[in-house]
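# Architecture at a glance
Residues per chain are reported as follows:
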Amino acid sequence: MFQRLEINRLLPSLALTLCMLTSLNAEQANKTHSPDLPALMQESDKLAQMLDDQTARHRLIAIDYELSEHQNPEISQLREKVLRLLAKSEDEDAIQYIRTVFETDTEHRDEAAYALSEYAIQKPSSLPIWRFLIRSLTVVEGEQAVSVLKALSRYRQRATNSRWIRRVILIGLRLPEADKPAALQLLRHWTGVRVSRFQNNSDAPVSSSDSLKFYQNWFRKKWPDELDPSWPNLPENSRWSYEVLNRKLAPLQFNKENVNRGKLVYSKANCAKCHPKGERGEKFGPDLSDISGLRQRKELLEAILFPNLELNEDYPSITLLTTSGKTYSGLMSAGKQGTVSVVGSEGKAVSIHKNEIESISPSRQSNMPAGALEPLTFQEICDLIAFLEHRANPKRPYHKQGKP
Ligand code: HEC
């Protein structure tokens, strides 16, 4: 009896201590203890019936916020579901929350875009959301992509520049035949160009794949100097493919050891010869210090595997001809005392005096070397990605690029 009373008396302060402990250790605890997914799943199913209720919406936001500390495919799936429920509520605060996820939680941009697209299909009027959807074109895949394409088709607003039209073609190429019409509809809306239903005097209607080919060719004629609207092919005997690496990397959460080893891979794979990252690296290519504030993991992978997928206008490739008839191709930067430096794809810089320059012409070929991952093991690729994703100061907002 006495003991029992004692415990009862102690209980409140015990609870308080435990509470303080958990908040002190919240960072570590969150990293090690996974949330109770089945329970949260059940709870969100219940909340789905009460979207009109503000408390229910706040609870959904709290669930998503709690999950944002973790990363694995099941958690992403649940977050996608929660974000879509919030979008379905059409409540202003809920939509604002999803927009914040899009801006601040780069790795979950695709799920946030999916949710926003479902909202936009109902209400295709907000221009800021249109911009988010456009920016998501580099990350959405599968059903997310279909929904984003459909939402963009509902807007009167059209994106008419080559970069985004090319992206829609690229998305369409990756979608299964049954989903390709979503890309075709948007291409028709944006370009005003229609594919005739019958071609070559044949009675068979044109397939969706053939219609996409039509837009590819149309694009090549309209913008002959732009990057080709097709996925670059990796050499046949490549050790790594995008699909395999993307699937294997997606569920992984990296730690300090990955990051530390990744530093070495970054130098070994010559990345440091062109890219600044924190303290290290030359300034020939884009600064990658905060790149994970701007790009999802799959975009990093794409950028490394397919250097010609997107060119960065701030780092134009050039071909330089000297007065003595030599040519150099690569990235250019101002060197010391009246010289110009050109760095080729192996990362070797050559200094040329201004007096020796005959001409400089732009080139539409990325200087980033292809096949950089070929000599690396899977472990080394993980470490490299971990290092790329690491930010010395994760709270620093990333300068926003890529606005249409
Ligand atoms: C010879 C110079 C060079 C080397 C070596 C190089 N890159 Fe690049 N990289 C570039 C340039 C230039 C760009 C800008 C895009 C373009 O025009 O190709 C770029 C773009 C990128 C991007 C996309 C950045 C963005 O803003 O989205 C990533 C990620 C990247 N590089 C990672 C790497 C990694 C990792 C390595 C090493 C395996 C590497 N690069 C080696 C020159 C280089």
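Residues numbered from 1 in each chain as written. Predicted model: local features only at pLDDT ≥ 70, side-chain atom pairs only at ≥ 80, totals over all residues.

### Some points on the sheet that holds strand β1 (residues 317–322)
Cut-off, in case you're wondering: Any two strands between which DSSP finds at least two bridges are classified as paired. Only DSSP runs of H or I covering at least 4 residues are called helices, and only runs of E covering at least 2 are called strands; the numbering of each starts at the N terminus. Axis definition: a line fitted to C-alpha atoms, limited for helices to the stretch in contact. Angles are taken between N-to-C directions and run from 0 to 180 degrees.
The five strands lie next to each other as β4-β3-β2-β1-β5, forming an open sheet whose pairing is antiparallel. The sheet is open, and its two edges are formed by β4 (349–353) and β5 (357–363), each paired on a single side. Looking at each pair of strands side by side, their axes are set apart by 45° on average, direction ignored.

### What to know about the nonpolar core
Nonpolar side chains in soluble globular proteins generally cluster together in the buried interior. For clarity, the cut-off: For this entry, the nonpolar core is defined as buried Ala, Val, Leu, Ile, Met, Phe, Trp, Tyr and Cys residues connected by C-beta atoms within 7 Å. Counting other C-beta atoms within 10 Å of a residue's C-beta gives its exposure: the residue is buried at 20 or more, exposed at 12 or fewer, and partly exposed in between, where C-beta atoms are placed from the backbone. These domain boundaries are the output of an automatic or database domain assignment. Any pair of residues counts as being in contact when their C-beta atoms, constructed from backbone geometry, are within 7 Å of one another.
By size, the foremost hydrophobic cluster in this structure holds 53 residues, and its most contacted members are L86, I98, L116, L133, L149, V168 and A183. Looking at which element gives the most residues to this core, the answer is helix α7 (residues 109–122), with seven residues. For this core, the two domains that each supply at least three residues are domain 1 (37–155) and domain 2 (158–231). What A183 contacts, discounting residues up to four positions off in sequence, is L149, V168, I171, G172, L175 and L212. Counting 25 residues, the second-largest nonpolar core is a separate cluster that includes L245, A303, V342 and L388.

### Here's the deal with the pairing of strand β3 (residues 339–343)
Judged from the four bridges that link them, strand β2 (residues 327–334) and β3 form a sheet pairing that is antiparallel. Its bridge partner lying in β3, S333 is registered against S341. Connecting β2 to the next strand, β3, in antiparallel fashion are four residues, including Q337 with a positive phi near 40°. In the sheet, β3 pairs with β4 via five bridges, with the strands oriented antiparallel.

### Focus: the confidence of the model for the chain
The condition that has to hold: Residue-level confidence of the predictor is what pLDDT reports, using numbers from 0 through 100.
Scored by pLDDT, the chain comes out at a mean of 87, with 88% of its residues at no less than 70. Contacts of residues 1–31 to residues separated by more than four positions or lying in other chains number three contacts, the stretch itself having pLDDT below 50. Counting interchain partners and residues more than four positions distant, the pLDDT-below-50 stretch residues 399–404 has eight contacts.

### Some remarks on the pairing of β2
With five bridges connecting them, β1 and β2 associate as antiparallel partners. Pairing of T319 across the sheet is with S329, part of β2. A loop of four residues connects β1 with β2, the two strands running antiparallel in sequence, and G325 in this loop sits at a positive phi of about 90°.

### Considerations on the site of the ligand
Put simply, the test is: Here, nearness is defined through the C-beta atom: a residue counts as near a molecule or strand if that backbone-placed atom lies within 6 Å of it. Only Asp, Glu, Lys and Arg are considered charged in this grouping, and only Ala, Val, Leu, Ile, Met, Phe, Trp, Tyr, Cys and Pro are considered nonpolar; every other residue, Gly among them, is considered polar.
The full set close to the ligand counts 28 residues, and C271, C274, G285, A303 and S366 are the nearest of them. The dominant element in the shell around the ligand, judged by the number of residues it contributes, is helix α15 (residues 297–305), at three residues. Taken together, the residues of the shell around the ligand sort by class into 18 nonpolar, eight polar and two charged.

### A word on unusual backbone geometry
Positive phi, normally seen in glycine, also occurs at E90, with a value near 55°. Structurally, E90 is set in the loop between α5 (73–89) and α6 (92–104). By the C-beta count within 10 Å, which is 13 here, E90 ends up partly exposed. Unusually for a residue other than glycine, N270 sits at a positive phi of about 70°. With respect to the element layout, N270 can be found in the loop between α14 (256–268) and α15.

### What to know about the packing of α7 against helix α8 (residues 127–135)
In plain terms, the rule: Any angle that falls under 35 degrees is termed roughly parallel, while one over 145 is termed roughly antiparallel, one within 65 to 115 roughly perpendicular, and all others oblique. By definition, any crossing whose near helix is turned counterclockwise from its far helix by less than a right angle is left-handed, and any crossing with a clockwise turn is right-handed.
Look at α7 against α8: their axes get within 10 Å of each other, and the N-to-C directions meet at 135°. Looking at the two axes, α7 sits oblique to α8. Here the hand of the crossing between α7 and α8 comes out left-handed. Of the residues in α8, those touching α7 at A113, L116, S117 and A120 are I129, F132 and L133. For the contact of α7 with α8, the per-class residue count stands at six nonpolar, one polar and no charged.

### What about helix α12 (residues 208–222)?
To be explicit about the condition: Here a helix's expected span is defined as the number of its residues, less one, multiplied by 1.5 Å.
In this model α12 runs 21 Å from its N-terminal to its C-terminal C-alpha over 15 residues, within 8% of the 21 Å that 1.5 Å per residue would give. If you follow the buried residues of α12, they end up packed against α10 (162–174) and α11 (180–191).

### Observations concerning the environment of L245
Structurally, L245 is set in helix α13 (residues 242–249). We classify L245 as buried; it has 21 C-beta atoms within 10 Å. A sequence separation of 133 residues divides L245 from F378, and the C-alpha atoms of the two residues are 8.4 Å apart. What L245 contacts, discounting residues up to four positions off in sequence, is W240, L301 and I381.

### Focus: the packing of α10 against α11
Here α10 crosses α11 at 165°, and the two axes come no closer than 9 Å. In terms of orientation, α10 and α11 fall into the roughly antiparallel class. Both α10 and α11 take part in a crossing whose hand is left-handed. Facing α10, whose interface residues are I165, V168, I171 and G172, α11 presents K180, A183, L184, L186, L187, W190 and T191. Partitioned by chemical class, the residues of the contact of α10 with α11 number eight nonpolar, two polar and one charged.

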